[in-house]
Structure formats: structure tokens, C-alpha cells
Amino acid sequence: QVQLVESGGGLVQAGGSLRLSCVISRNFFSVKLMAWYRQAPGKQRDLVASITSGGSTNYADSVKGRFTISRDNAKNTVYLQMNSLKPEDTAVYYCNVQTSGNAIYWGQGTQVTVSS
């Protein structure tokens, strides 16, 4: 079983920054893909950014140039640095992990609210 614990959400004004963290209760050697998703009220859950075990990253077009996904192998942690936040970034953000055995795990979610 893999547990994901997210933190770092909160309320910020438009143009501000937040950094989300997700601590994974398993060594990274068994994790092949880590990602952040978000879900706004009444909308589907969408991919925000992902990073592979090899370090390749992928971003949704709406966050390119503003968000950065990264990881710290020593801390079993994946981060999402969010800059130049917009009100439309308001959502619950979820950490997602896919293991080498293709099991998928989700965190509990952390609320990000951007005021205009």
C-alpha cells in the first residue's frame, strides 16, 4: 500500500505563488510516474503536470510557463511550484502516483483558492 500526503494549499491573491508537496510512503525506485491533477467544482479532474522516473515532465497548456513539477528522491517527495496564479487555477489539487506494477494511488487533495 502506498500513502500520499499532500500539503501546501491555501488562499492566495492573483499573481501570487504557492508550492504544493506530496510525500510518498514508498521509495521512488518503484514509482514510475508522479503527477498532479486538479478538480474545480462541477468539473472533471484534469492533469496539471507529470514527471517520470527518468525526469521527463509534461504540463497542461494552461499552466505551461507558470507551474513547475519536481521531485526530491531523498525525501520521497514531489512538488508543484505554482507562480503567477490566476483565479481559474482555483481547485482541489491531487497528487497521483503510478508504480512499476501499474498500481495507481491518489492523495486526499489540497485546496488552492486564488482570489481576484
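**Here's the deal with the sheet that holds strand 8 (residues 77-82)**
- The sheet built from four strands is open, its strands ordered 1-3-8-7 with antiparallel pairing. Single-partner strands in this sheet number two, and they are strand 1 (4-7) and strand 7 (67-72). Recorded for the sheet is a direction-independent mean angle of 15° between the axes of neighbouring strands.
- Pairing between strand 1 and strand 3 (residues 18-24): four bridges, direction antiparallel.

**Notes on the nonpolar core**
- Residues Trp36, Val78, Leu80, Met82 and Tyr93 are the most contacted members of the largest nonpolar core, which totals 28 residues.
- At the level of secondary structure, the elements contributing two or more residues to this core comprise strand 3, strand 4 (31-39), strand 5 (46-52), strand 7, strand 8, strand 9 (91-99) and strand 11 (110-115).
- What Met82 contacts, discounting residues up to four positions off in sequence, is Gly16, Ser17, Leu18, Leu20, Arg66, Phe67, Tyr93 and Val112.

**Observations regarding the state of the cysteines**
- In total, this model carries one disulfide according to the counting rule given.
- In this model, Cys22 is linked to Cys95 through a disulfide, with the two sulfur atoms separated by 2.1 Å. The disulfide joining Cys22 to Cys95 has a torsion of about -85° about its S-S bond and is therefore left-handed. With Cys22 in strand 3 and Cys95 in strand 9, this residue pair connects regions lying 73 residues apart in the sequence. Residues Cys22 and Cys95 agree in their burial class; the two are buried.

So, how was this worked out
- Residues numbered from 1 in each chain as written.
- Predicted model: local features only at pLDDT ≥ 70, side-chain atom pairs only at ≥ 80, totals over all residues.
- Heavy atoms only, no water.
- Pairing = 2+ DSSP bridges.
- Helix = DSSP H or I, 4+ residues; strand = E, 2+ residues; numbered from the N terminus.
- Axes fitted to C-alpha atoms, helices over the stretch in contact; angles between N-to-C directions.
- Core = buried A, V, L, I, M, F, W, Y, C linked by side-chain atoms within 4.5 Å.
- Buried < 20%, exposed > 50% of the residue type's maximum accessible area, 1.4 Å probe, protein only.
- Contact = heavy atoms within 4.5 Å.
- Disulfide = S-S within 2.5 Å.

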